[in-house]
Every structure is written in structure tokens, then in C-alpha cells.
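The primary structure of each chain is shown beneath.
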Number of protein chains: 2
Amino acid sequence: MIRGIRSNNFLFTPKLIEQAYDLIRDEIHETPILTSKSLNEIYGAELFFKCENFQKTGSFKIRGATYSVKSLRSSEKTKGVVTHSSGNHAQALAYAASQSGVTANIVMPENAPAVKSNAVQKYGGLITFCPPTLEDRENYTEKIVALKGSKLIHPYNQPNTIIGQATVAFESFKQLEQLPDILITPVGGGGLLSGSILSVQFFSPRTTIFAAEPAGANDAFRSLQSNELVPSTNPSTICDGLLTSLGEYTWPLIRDYTQEIVQVTDNEVIRSLKEVFQYLKIIIEPSCATVLAAIKKIENQTAGKRVLLILSGGNIEVEKVFNLKPKDHS
Amino acid sequence: MIRGIRSNNFLFTPKLIEQAYDLIRDEIHETPILTSKSLNEIYGAELFFKCENFQKTGSFKIRGATYSVKSLRSSEKTKGVVTHSSGNHAQALAYAASQSGVTANIVMPENAPAVKSNAVQKYGGLITFCPPTLEDRENYTEKIVALKGSKLIHPYNQPNTIIGQATVAFESFKQLEQLPDILITPVGGGGLLSGSILSVQFFSPRTTIFAAEPAGANDAFRSLQSNELVPSTNPSTICDGLLTSLGEYTWPLIRDYTQEIVQVTDNEVIRSLKEVFQYLKIIIEPSCATVLAAIKKIENQTAGKRVLLILSGGNIEVEKVFNLKPKDHS
């Protein structure tokens, strides 16, 4: 077993992931791994779908958030936590903090959909609305840190977040009868991918890692090509969980341990999303359909292999995505 | 334990259901029972969702079909089976028959959607297309019985079909820590409802049974009101699995043991369907969202109770229902 991997001067170790899992496992769901004969036939590989869409708050983000909150010293807990996000991390942090009796300050753009702010409020988060620019979000967040002394819990670019997300793959390896030949995760900011990289290097080093990225938000692809961190600019994709840039903790891990960043178009994502609905009978969000779409692009490497696909979440706007009309004129 | 219940001169016994379950359990999935804190809060009851949408071929129909096929004598097996259906029973019978090396003749209206005929063919069924009238479907079916000697496997109105469907509730009772106070199933032809009634009377007699029926196809409701079997005429509802009439085996059971047939409108079904998508993160077909919609109508009876809801299937036409456009112009 590799003793440790360093990124941005933080030393990640197998023990940190094992301890994180012990700390959070009673707070989260052990999500199932599903299989489908039909999808195996369509894709010519043995597919294992790790269903974090069934996770608490609807995504894997609860793992990093819970580990981050539970790792706080008690003096830090009294001052609360803060993050800026309108997505799955916001809901996850609100829920994780409330479970530990910690105040979660969530900075959200004032034009965020009501369904998202309602979810954060339902989980007990304290919302601060700000103008919808990245600069304002960061300023408001810094102000809360300065005023309240709250600790920033970053959605992906923080060691504890990455260690928490590493438990998805760690848990999957425990559940599978045989370790996978290939693991595929989506990549946005790179928290899930970096965590998966660590778990693979430490606990399943013969597994090859691919990441799936929307072609309309392909900063990780371009970073790997140019061998330097390229920020995400004007991303355009239906995969609303994958719009962010890599960070200084996630980028070195991704650079050194990812076999390939596979780009997929929105139409390819939609096709895969429909296949998941049809054959697995589960709801996932577009961002995680990227992993299934990616297989078509690397068929020569996945053919006949055992492939672990991490389905990262299931938070879609049902009203937008499903179009059902009554027939009985009710 | 009640020793038996007679319907249309057939004596249903607990032993028949136990033996059926032993015979089919290796051929089917033991489907999970899911729960959701959010839905419990919304509905004010403790809800248990039996997920037959995850069943082989996407619905509970595989249970009755498998039991019917496996109960054939070997002389009958060589002559094949036949049914007329364009829905879940057709797929189930095609699959169940192929698993036993039996030919399944499926009579389908020539205007059935390609997605349905493709599914039957995929499972190895032999399709005979006929003009789209009930008379033609019955004539064509009789012709196959006469020519090939194939045995008709009815979608609901046959003792073995009903006994097979009874294993849904039977299996659920084994899975639950405590037996439910209330059980709700959809009602179309009444196979699932009749089977559930038998399992409740034999194995959980303190459970009260409700059935959910589309207001636009309310023949069971009208039958119970008038105390005689009223056939379904010009049904209009998005619940395409619940258009059929009760039969002489299902009607007496439903008449004698159902607390109430609860009518729900398509709009109520759609609202419940979206709640299942949002909170359980699973795909179900409109027909089975009726059971959740029904709770709102009998709140005074379900409040605070343990309610087992049978989600009968997950076969929706994804292309029709799903409305998501690419953003990346791919």
C-alpha cells in the first residue's frame, strides 16, 4: 500500500480515508451498487453503478461536508461554517451542520431557483443572498468569515472535503465482490475525482481512472492537455454540477493519476440519462450521466472490463425535466 | 390462519402462495422497500414503498407469468403459451416463457408503440399483430389456442396469475420489521389487488386494504358501489396499466375484502409521480403513483399509520415524458 500522496503540500494517507469513513458512516447512507444486463449488453462491459443519487440530501457532497463539520474543534463549531454555493454542496453543508448543532451560513446568488434555496432552508441553513457574480459571492463569504469567525467549507478544494468524497470509492470497493478494472467519475471542481484517485491509489491500485467532462465546460481536459491549471470560462452545458474550475489541491492529483479526461456533448449526456431512466429505473442528474456517455468514447479500453461508474447525485428540477399532461381533463 | 378463500369456485390457500414463492423466488428479484422522511412528513404517515419498478421486465407481472409458466405440465410446455396484451404482462410472459424454454405467442394491436413490441421481441416473444379492437385480439388469441394448442395465460383473471401476484405482498411482509396497518395497491384488472388481498387475509389479517383507481377508469369503484361487476368503458387516463375491467376471479375477492376504492385524478397522479421522482429518486410509471395520490383522500385513516404502498412498475415511455434540451448546441 502506498503510504501517502502529497498535493499542494498536504499529505493524504490511507489512514485518513479509513478514519473519515469510520467517523461519517453512521451519518450517511451506504448507497447501493446497481447493475443492468441490458446496459451491459449495450455498452459491452460489466457496469457497476454506485448510486449516490440515493445519498442523504441527494448527492455524495454530504460525505465531504459531514467529515469537514465533524472534524472541527469545538471552539470552531460554536462559530459556525460558511460556504458559497447554490448547488448540492449548499444542501449538504446545511444538513451536515444541523446534524452537529452547527450554524451553516450559505451565500447564494439572489437569482438562485427557489427550489434550491428552499432545500437549504429545509435543512436548517442560514441563507445570505448576494448579487449574482462570483466576486460578490466571495466578498460576502469573506465578510461572514471576518464578522462571525465562521470556517469556510469549500465545495471541493480543501483536504477534508476531498477525504470525505474519497469514501464513495472506498465504500464501493468494500461492496464489490471483485475490485473494478476501471473507475469513471464526473469532473467539475475535482473533489469527487481527487478523492476517487486517492482511494484507488491506496486501496485498488490496479484500477484505471477516467473522468467524464462536458465538452461545453472542458477546463479539466484543457488543463491536462496544456499541463497547467486552466480555469473554467463561460461554461455552457446542462450538467449544472460541473461548471467550476479545478483548484490547487485537486489539480495535481488529477494531473498525475487520471488516464484520460473524456469529453461528452449534452446530446450524448441526454441519451445516457434516458438509458439510466429506462433500464435502471432511477433518477439521476445530468452531471452524472456523463460517466455512462464517456464509455462510448473509450470502448476499446472498457470492452469486457469491470467498470465502476459513480452516479454522483439525483437532484434534478423535476418540473423542468418531466413533461406529463393529464388525459382525464382533471 | 384462514384455511382458504374461494372465488369463482377456485379455492385459494396460504400453501399455494408459499409454494408459488418457493417456485419463483430464484427467477425474480427480491425488490427493495424504500422509505423517505420527506414523504412521511408530507403525508403524515409512515410509508413503505415496495419497488416492483426494479423487478425483472420492469413490473410485478413477471411473478404471475413465471408462476403460470412453471406450473405447466411438460406436455403443455411444448405447445407454448399465448396472451393478448401490449403492456407489462406481454413483456413479462415473453421473458418468463423464454426462461423455461417455452414459446410465448403475444397478440398485439398493430398500432402498439414500437418500444413495446421491441421489448417483447427482445425477451424472445413471438408477436402476432392484429387489428386494434378487443374483438380481433380475442379472435386471434383463440385462433392460436386452436391451431397450436397453446395455453392462454391471462394478465389477471386466472388463479395462477393471482397467486403469483400475491407474492408481492407476501415478500413485503417478510421484509418489514412490523406488519403494515394499511396496504394500498393500484387496481386495473385486479390481479395485484386480489393477490394482495389473499396475502393479507392469510398472513397479515389485521392489515386494511385500500385500492387506488384513476377517476377516468373507475369501473372498480362503480362495481363496488353497485355491488356488481361493471365493465370498463371508454377509459381516459394517463394510467395506461389500469384500463382493463375486473374479471370473475378478481371481482369477488375485491368486493368482499377491499375497504374502499379511492379515486384519483390524473393531475393528482402527476403530482404524486413527481414527488416520487424528487424524494425517492426512482422512476415509476403513472399507474402506480395512484397509490400515493390516494393517501391524500383517506388522510384521516392513514394518519400516523404504517402504510405499505405497492409500486407496481417502472415502464414509462421515456422519450415522451422526458423534456431536456442541450445547452452546448451539440
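Note that the structure is a prediction, hence the values are computed from the model and not measured. (Residues numbered from 1 in each chain as written. Chains lettered and ligands numbered in written order. Predicted model: local features only at pLDDT ≥ 70, side-chain atom pairs only at ≥ 80, totals over all residues. Heavy atoms only, no water.)

### Points about the overall build of chain A
Argument step 1. If you tally the helices and strands in chain A, you get 15 helices and 12 strands.
Argument step 2. At 19 Å, chain A has a C-alpha radius of gyration in line with the 20 Å of a compact globule built from 330 residues.
Argument step 3. Considered along the principal axes of its C-alpha atoms, chain A spans approximately 65 × 55 × 40 Å.
Argument step 4. Counting the 330 residues in chain A, one finds 59% classified as buried.
Argument step 5. Of all intrachain contacts in chain A linking residues separated by at least 6 positions in sequence, the fraction that spans at least 24 positions is 72%.
Argument step 6. Split by element, the accessible area of chain A, about 13200 Å² in all, is 45% carbon and sulfur. (Helix = DSSP H or I, 4+ residues; strand = E, 2+ residues; numbered from the N terminus. Rg over C-alpha atoms; globule rule 2.2 N^0.38 Å. Buried < 20%, exposed > 50% of the residue type's maximum accessible area, 1.4 Å probe, protein only. Contact = heavy atoms within 4.5 Å. Areas by Shrake-Rupley, 256 points an atom, 1.4 Å probe, with all protein chains shown as cover.)

### Quick notes on the confidence of the model for chain A
Argument step 1. A residue-level look at chain A finds 100% of positions with pLDDT of 70 or above and a mean pLDDT of 95.
Argument step 2. Scored as a whole, the predicted complex attains pTM 0.94, and scored at its interfaces, ipTM 0.93. (pLDDT = per-residue confidence, 0-100.)

### A short note on the nonpolar core
Nonpolar side chains in soluble globular proteins tend to be buried together.
Argument step 1. Counting residues in hydrophobic clusters, the biggest one holds 82 residues, and the most contacted among them are Leu47(A), Ile184(A), Phe322(A), Leu47(B) and Ile184(B).
Argument step 2. Not counting residues up to four positions away in its chain, the partners in contact with Ile184(A) are Phe210(A), Ala212(A), Val291(A), Ile295(A), Ile298(A), Val307(A), Leu308(A), Leu309(A) and Ile310(A). (Core = buried A, V, L, I, M, F, W, Y, C linked by side-chain atoms within 4.5 Å.)

### Quick notes on the pattern of salt bridges
Argument step 1. Considering all chains together, one arrives at 25 salt bridges over all chains under this definition.
Argument step 2. In this structure, the salt-bridge partner of Lys50(A) is Glu171(A), at a minimum N-O distance of 2.5 Å. Of this pair, Lys50(A) sits in strand E4 (residues 46-51) while Glu171(A) sits in helix H8 (residues 159-175), and the two are 121 residues apart along the sequence. The same class applies to Lys50(A) and to Glu171(A), which are both buried.
Argument step 3. Lys274(B) is paired through a salt bridge with Glu319(A); the nearest N and O atoms lie 2.8 Å apart. Taken together, the positions of Lys274(B) in helix H12 (residues 266-280) and Glu319(A) in helix H15 (residues 318-321) put the pair across two chains. (Salt bridge = Lys/Arg side-chain N within 4 Å of Asp/Glu carboxyl O.)

### Section: the relation of the copies chain A and chain B
Argument step 1. In screw terms, the move from chain A to chain B is a rotation of 180° and a rise of 0.0 Å along the axis, fitting with an RMSD of 0.1 Å. Seen this way, the second copy is the image of the first under a two-fold rotation axis. (Least-squares fit on C-alpha atoms with pLDDT ≥ 70 in both.)

### A look at the interface of chain A and chain B
Argument step 1. Of the residues lining the interface, 38 residues belong to chain A; the matching set on chain B comes to 37 residues.
Argument step 2. It is Lys274(A), Lys281(A) and Leu324(A) that lose the most area in chain A upon contact with chain B, and together they represent 21% of the buried surface on that side.
Argument step 3. Linking chain A with chain B are two salt bridges, by the criterion used here.
Argument step 4. Applying the counting rule to chain A against chain B returns 18 residue pairs in polar contact (both at pLDDT 80 or more).
Argument step 5. Looking at the side of chain A that touches chain B, the elements that each hand over two or more residues are helix H2 (37-43), helix H12 (266-280) and H15 of chain A.
Argument step 6. Split by residue class, the side of chain A that touches chain B holds 15 nonpolar, 13 polar and 10 charged. (Buried area = accessible area lost by both parts, 1.4 Å probe. Polar contact = N/O pair within 3.5 Å; in protein donor to acceptor, adjacent residues only side chain to side chain. Nonpolar A, V, L, I, M, F, W, Y, C, P; charged D, E, K, R; others polar.)

### So, the pairing of strand E7 (residues 126-130) of chain B
Residue and element names in this part refer to chain B.
Argument step 1. Across five bridges, strand E6 (residues 104-109) lies against E7 in parallel orientation. Residue methionine 108 lies in a different strand from E7, and its bridge partner there is phenylalanine 129.
Argument step 2. Considered for its hand, the β-α-β crossover made up of E6, helix H6 (residues 114-122) and E7 is right-handed. (Pairing = 2+ DSSP bridges. Right-handed = clockwise from strand over helix to strand, strands pointing away.)

### What about unusual backbone geometry?
Argument step 1. At Thr57(A), a position not held by glycine, the phi torsion is positive, near 60°.
Argument step 2. Within the secondary structure, Thr57(A) sits in the loop between E4 and helix H3 (61-70).
Argument step 3. Thr57(A) gets classed as buried once you look at its relative accessible area, which sits at 9%.
Argument step 4. Of note, Asn234(B) is a non-glycine position whose phi angle comes to about 45°, a positive value.
Argument step 5. Structurally, Asn234(B) is set in the loop between helix H10 (219-226) and helix H11 (250-257).

### A word on the packing of helix H8 (residues 159-175) of chain B against helix H9 (residues 191-203) of chain B
Residues and elements named next belong to chain B.
Argument step 1. Direction vectors running N to C along H8 and H9 enclose 50°, while the axes themselves pass 7 Å from each other. The orientation of H8 relative to H9 falls into the category oblique. In the crossing of H8 with H9, the sense of the turn from one axis to the other is right-handed. The segment H8 lies against H9, with Ile162, Gln165, Ala166, Val168, Ala169, Phe170 and Phe173 engaging Gly191, Leu192, Ser194, Gly195, Ser196, Leu198, Ser199, Val200 and Phe203.
Argument step 2. For the contact of H8 with H9, a count of residues per class yields 10 nonpolar, six polar and no charged. (Axes fitted to C-alpha atoms, helices over the stretch in contact; angles between N-to-C directions. Parallel < 35°, antiparallel > 145°, perpendicular 65-115°, else oblique. Left-handed = near helix turned anticlockwise from the far one by under 90°.)

### Structural notes on the state of the cysteines
Each disulfide consists of one covalent bond between the sulfur atoms belonging to two cysteines.
Residue and element names in this part refer to chain B.
Argument step 1. Summed over all chains, the structure comprises zero disulfides over all chains.
Argument step 2. Free cysteine: cysteine 51, not disulfide-bonded; nearest cysteine sulfur from cysteine 288 at 8.9 Å.
Argument step 3. Residue cysteine 51 is classed as buried on the basis of its relative accessible area, which comes to 0%.
Argument step 4. With no disulfide of its own, cysteine 239 has cysteine 288 as its nearest cysteine by sulfur position, at a separation of 8.9 Å.
Argument step 5. A relative accessible area of 0% places cysteine 239 in the buried class. (Disulfide = S-S within 2.5 Å.)

### Observations concerning the domain arrangement of chain A
Accessible area lost during the coming together of the parts is what is often quoted as the interface size.
Residues and elements named next belong to chain A.
Argument step 1. According to the domain assignment, chain A contains domain 1 (5-59 + 158-321) and domain 2 (61-152).
Argument step 2. Put simply, the middle of domain 1 and the middle of domain 2, counted by C-alpha atoms, are 24 Å apart.
Argument step 3. Between domain 1 and domain 2, the contact holds 28 residues from the first and 19 residues from the second.
Argument step 4. Summed over both sides, the interface between domain 1 and domain 2 buries roughly 1900 Å², with carbon and sulfur atoms accounting for 53% of that surface.
Argument step 5. On the domain 1 side of the interface with domain 2, the three residues burying the most area are Glu27, Thr57 and Asn160, jointly 29% of the side's total.
Argument step 6. If you look at where domain 1 meets domain 2, you find four salt bridges. (Domains from an automatic or database assignment.)

### A closer look at the sheet that holds strand E7 (residues 126-130) of chain A
Residues and elements named next belong to chain A.
Argument step 1. As summarised here, the arrangement of the four strands in space is E7-E6-E5-E8, forming an open sheet in which the pairing is parallel. Where the open sheet ends on each side, the last strands, each with one partner, are E7 and strand E8 (151-152).
Argument step 2. The pairing of strand E5 (residues 81-84) with E8 spans two bridges and is classified as parallel. Residue pairing for E8: valine 82 is matched across the bridge by leucine 152.
Argument step 3. Relative to the sheet, helix H5 (residues 88-99) contacts E5 and strand E6 (104-109), its axis offset from that of E6 by approximately 160°.

### Description of the packing of aromatic side chains
Argument step 1. Applying the stated criterion across every chain, the model contains 14 aromatic pairs over all chains.
Argument step 2. Here Phe277(A) and Phe322(B) contribute two aromatic rings whose centre-to-centre distance is 5.3 Å and whose plane-to-plane angle is 70°, an arrangement assigned as edge-to-face. You can see Phe277(A) sitting in helix H12 and its partner Phe322(B) sitting in the segment after helix H15 (318-321), one on each of two chains.
Argument step 3. For Phe277(A), a relative accessible area of 1% translates into the label buried.
Argument step 4. Residue Phe322(B) is classed as buried on the basis of its relative accessible area, which comes to 7%.
Argument step 5. Here the aromatic residues Tyr21(A), Phe170(A), Phe202(A) and Phe203(A) are joined through ring pairs into a cluster of three or more.
Argument step 6. In this structure, Lys296(B) is placed above the aromatic ring of Tyr43(B), and the distance from its NZ or CZ to the ring centre is 4.7 Å. (Phe/Tyr/Trp six-rings, centres within 6.5 Å; stacked < 30°, edge-to-face > 60°. Lys NZ or Arg CZ within 6 Å of the ring centre and 35° of its normal.)

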